[in-house]
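Structural description and commentary
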Amino acid sequence: MNYTDEIKGAIAANVVLPEDVYDFSESVYKEFLTNYYKFCRDNLDIQSKQEPIAPNVFLFTNSFEVNAGAGIRKKHFVIEINVGLIRSCFENYHDNNQLADFITGLLPETFSKFDNPANILAFQICTQFTYYHELAHLFQLSGTKDDITLKERYNLSGKSGYDRVKHILEINADTFATINVATHIEQYIERTFKDKVSIENTMDTFVFFGCCLLNYTLNFSAKPEEIYFEQQDHPHSFLRQLNVVLNLTHHVGHSPYFQKAGIVLNEGVLFRSILDLYKQLEAKGVFKTNITGIIDDSKDLSKPLANYLFSLLQFEVKEYRNAMDVWNKSATK
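These lines cover the structure that appears in this document, whether it is placed above or below. (Residues numbered from 1 in each chain as written. Predicted model: local features only at pLDDT ≥ 70, side-chain atom pairs only at ≥ 80, totals over all residues. Heavy atoms only, no water.)

Some remarks on the pattern of salt bridges
Throughout the structure, instances matching the rule amount to 9 salt bridges. In this structure, the salt-bridge partner of Glu 80 is Arg 73, at a minimum N-O distance of 3.1 Å. Judged by relative accessible area, Glu 80 falls into the buried class, the value being 10%. With a relative accessible area of 23%, Arg 73 lands in the partly exposed category. Among the ionic pairs, Arg 240 bridges to Asp 174, the shortest N-O distance being 2.6 Å. With Arg 240 in helix H9 (residues 237-254) and Asp 174 in helix H7 (residues 164-193), this pair connects stretches of sequence that are 66 residues apart. There is no split in this pair, since Arg 240 and Asp 174 are both buried. A single network of salt bridges, built from pairs that share partners, joins Glu 6, Arg 41 and Asp 45. (Salt bridge = Lys/Arg side-chain N within 4 Å of Asp/Glu carboxyl O. Buried < 20%, exposed > 50% of the residue type's maximum accessible area, 1.4 Å probe, protein only. Helix = DSSP H or I, 4+ residues; strand = E, 2+ residues; numbered from the N terminus.)

Points about helix H14 (residues 323-331)
For H14, the complete set of buried residues consists of Ala 323, Met 324 and Val 326. Looking straight down H14, one finds its buried side chains confined to an arc of 150 degrees; they lie on one side. Considering only its buried residues, H14 is in contact with helix H6 (118-141) and H7. (Arc of directions from axis to C-beta. Contact = heavy atoms within 4.5 Å.)

Looking at the sheet that holds strand S3 (residues 76-82)
Strands sit in the order S1-S3-S2-S4 across an open sheet of 4 strands; the sheet is mixed. Unpaired on one side and paired on the other, strand S1 (56-61) and strand S4 (148-151) mark the two borders of the sheet. Within this sheet the neighbouring strands show an average axis-to-axis angle of 15 degrees, counted without direction. Judged from the 6 bridges that link them, S1 and S3 form a sheet pairing that is parallel. Bridge pairing in S3 places Val 57 opposite Val 78. Against the sheet, H6 makes contact with S1, strand S2 (68-73), S3 and S4, and its axis sits at roughly 25 degrees relative to S2, the strand it touches most. (Pairing = 2+ DSSP bridges. Axes fitted to C-alpha atoms, helices over the stretch in contact; angles between N-to-C directions.)

Some details on the packing of H7 against H14
Packed helix pairs are characterised by how far apart their axes lie and by the angle those axes make with each other. For the pair H7 and H14, interaxial distance at closest approach is 8 Å and the crossing angle is 30 degrees. Between H7 and H14, the angle is such that the two are roughly parallel. Taken together, the residues of H14 that come into contact with H7 (itself represented by Asn 172, Thr 175, Phe 176, Ile 179, Asn 180 and Thr 183) are Ala 323, Met 324 and Trp 327. Within the contact of H7 with H14, the residues separate by chemical class into 5 nonpolar, 4 polar and no charged. (Parallel < 35°, antiparallel > 145°, perpendicular 65-115°, else oblique. Nonpolar A, V, L, I, M, F, W, Y, C, P; charged D, E, K, R; others polar.)

A few points about the side chain of Thr 249
Within the element layout of this structure, Thr 249 appears in helix H9. For Thr 249, a relative accessible area of 7% gives the class buried. Other than its neighbours up to four places away in sequence, Thr 249 contacts Leu 265, Asn 266, Glu 267 and Leu 270.

Section: the side chain of Thr 178
Structurally, Thr 178 is set in helix H7. Within polar-contact distance, the side chain of Thr 178 engages the backbone oxygen of Asp 174 at 2.7 Å. Not counting the four nearest positions on each side in its chain, Thr 178 is found in contact with Phe 129, Val 244, Asn 247 and Leu 248. (Polar contact = N/O pair within 3.5 Å; in protein donor to acceptor, adjacent residues only side chain to side chain.)

Looking at the nonpolar core
Counting residues in each nonpolar core, the largest one holds 115 residues, and the members touching the most others are Phe 58, Phe 60 and Phe 208. Residue contacts for Phe 208: discarding those within four places in its chain leaves Leu 99, Ile 103, Phe 111, Ala 118, Leu 121, Ala 122 and Leu 277. (Core = buried A, V, L, I, M, F, W, Y, C linked by side-chain atoms within 4.5 Å.)

Details of the pairing of S2
Strand residues, when the strand is regular, have side chains that alternate between the two faces of the sheet. Burial runs high along S2: 5 of the 6 residues are buried. Strand direction decides the pairing type here: S2 and S4, joined by 4 bridges, are antiparallel. Residue pairing in the sheet places Gly 71 in a bridge with Thr 149 of S4.

Focus: the pairing of S3
Burial analysis of S3 places 7 of its 7 residues in the buried class, the great majority of the element. Of the two faces of S3, both are covered, the one formed by His 76, Val 78, Glu 80 and Asn 82 as well as the one formed by Phe 77, Ile 79 and Ile 81. Bridge analysis of S2 against S3 gives 6 bridges, and the strand direction is antiparallel. In the strand pairing of S3, Gly 71 is matched with Val 78.

Notes on the packing of H7 against helix H8 (residues 199-218)
Interaxial distance between H7 and H8 falls to 11 Å at its minimum, and their mutual angle equals 140 degrees. Taken together, H7 and H8 sit at an angle that is classed as oblique. For the crossing formed where H7 meets H8, the hand is right-handed. Note on element contacts: H8 touches H7 through Asn 201, Thr 202, Thr 205, Phe 206 and Phe 209, opposite Ile 185, Ile 189 and Phe 193. Residue composition of the contact of H7 with H8, grouped by class: 5 nonpolar, 3 polar and no charged. (Left-handed = near helix turned anticlockwise from the far one by under 90°.)

Put into structure tokens, the structure is as follows:
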């Protein structure tokens, strides 16, 4: 299926209004969006043969809000990526040459070996993470037939109450997305370094991607927020970051490739290294967020963060499927 046929089918099924669809045929992003659409559609077709998430639709919307969503509409499983999110990823990563210059200068032994500069790698990992996160939401919703949508952006009114179920679903979707992108990162490291992989170039790579994913999740919040737990309708970005780090280190620890090389990452060291590098990126103006003060104040909250995260990971929700059950099922085949 091509994107034009996707649009026609979605409109015919009343899944979307014609004016809401972003047709990228005349877009300056056409080449990227064509390739990104193909990547997502091909994977979605594969997943649909194994899990009950068909019929499904993958679309870009005309909304300039930095957001994405997944849900069920007119009995169709729908993933929608706003053009505003794509534009944000271009500005923050793809077109951020300062990011490439800074990282290559700081970590030359690692990043000079890659076939793409750091800004392109950041762009790729964040857009891939977006797709896998939304795919996880489809798996979660596959146990229901009711119309429902899960959005990624925090409630912009700032008045949303605590929603534990949404915290659980977001962390679960992040876990699924992280495991998938960690697999891509491992393949990229193996293709680049082969038998010359080391703890240094592995750590450099995962710290960098961790910083990118932290910046990415921060963009879904309207403003920097003090660390919270049982508040809001989405978990705090630091909690999401800790979950990402734990899953990255778990993947490395269980990878035959890294095991053969004797490489083990410590989650505590990785987490603090990501935050330390992120502070440098902010100080240099590479990333435009302003959370250095929150980072400094987070040192005594690692245990409460871990405890709350553990409670969410238990996935004590009956009305939704655990996306990691899908991953675990495929991993044992």
